[in-house]
Amino acid sequence: MNEFRLTKQGLWDILEAWDPYLPRKVRVVACGGTALALQDMKKATKDVDFLVPDQEEHKTLLSTIQKLGYRQVTGSGWARDGGFVFDLFRGKVVFQTELLDSPLDEGMHIPIRAFKKLSVAALNDLDLVITKMFRGSDVDIDDCLRLIRTRGKDFDLEKLKERYKETALYDLNPDRMMKNLDYLLAGLKDRE
């Protein structure tokens, strides 16, 4: 594959090709850079991160893409012919961060597009920032700053702090997670 990043249209093309092969409805929730790309906050993504909250729908999706030639290349990553990796997380755990609520609950996702059988949403802004900051790379911080600035006054920073602290309590190293929040807040102040 010659391209190193997948654009929003490129992703839609792939998902639209999957849709007719699905035997039933499947709901996926974009997270990470994928969620930002689908909401036009990022031009492209290196890999595709989806949460498939319903266990049966997760099984259906994996079975379908295997029939389409995708093979497991990492713990949660699937690719075909050396192409883009699709990380398909199950339940409410993104990377290693467990969300407080199911992303299928009302207000926990942002509907983006529905094909005949495949529905695509993005993780809500607060949980998206939390999952990225729990990884806390420079790219994650930049992505979170971009999201917060794009949303402007609609982004509730106080609510983020509360939800972030509550989520961090369930992590093995809550102090490290809280330092990541401090980095993000400092980045917001530095760039005001």
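For the structure given in this document, a descriptive report is provided here. Small disclaimer: the values here were computed from a predicted structure and weren't measured.

How each quantity is defined
- Along each chain, the written sequence defines residue order, and numbers are assigned to residues from 1.
- Residues qualify for local features only when their pLDDT is at least 70, as the model is predicted, and side-chain atom pairs are given and counted only at 80 or more; totals for whole chains, interfaces and linings, by contrast, use all residues.
- Note that the side-chain values use all heavy atoms of the structure and ignore hydrogens as well as water.
- Salt bridge, as used here: a side-chain nitrogen of Lys or Arg that lies within 4 Å of a carboxyl oxygen of Asp or Glu.
- Elements are defined by DSSP. Helices are runs of H or I of four residues or more, strands are runs of E of two residues or more, and each kind is numbered from the N terminus.
- Classification of residues uses two cut-offs on accessible area relative to the type maximum, computed with a 1.4 Å probe and protein chains only: under 20% is buried, over 50% is exposed, and between them is partly exposed.
- For two strands to be treated as a pair, DSSP must find no fewer than two bridges joining them.

### A short note on the pattern of salt bridges
Opposite charge on two side chains lets them pair, provided their charged atoms get close. This structure, assessed with the given rule, holds 14 salt bridges. With a shortest N-O distance of 2.8 Å, Lys-42 and Asp-143 are connected by a salt bridge. Remark: Asp-143 occurs in helix H5 (residues 138-151) and Lys-42 occurs in the loop between helix H2 (32-38) and strand S3 (44-45); sequence separation between them is 101 residues. Judged by relative accessible area, which is 19%, Lys-42 ranks as buried. Looking at Asp-143, the relative accessible area reads 2%, which means it is buried. One salt bridge connects Arg-135 with Asp-140, and the closest N-O pair in it is separated by 3.1 Å.

### A word on the pairing of strand S2 (residues 26-30)
Counting buried residues in S2 gives four out of five residues, a clear majority hidden from the surface. In this structure, S2 lies alongside strand S11 (residues 118-123), joined through five bridges in parallel fashion. Residue pairing in the sheet places Val-28 in a bridge with Val-120 of S11. For S2 and strand S4 (residues 48-52), the ladder comprises two bridges, and the chain directions are antiparallel. Opposite Val-29, over in S4, you have Leu-51 as the bridge partner.

Limitation: the analysis is restricted to geometry and does not speak to function.
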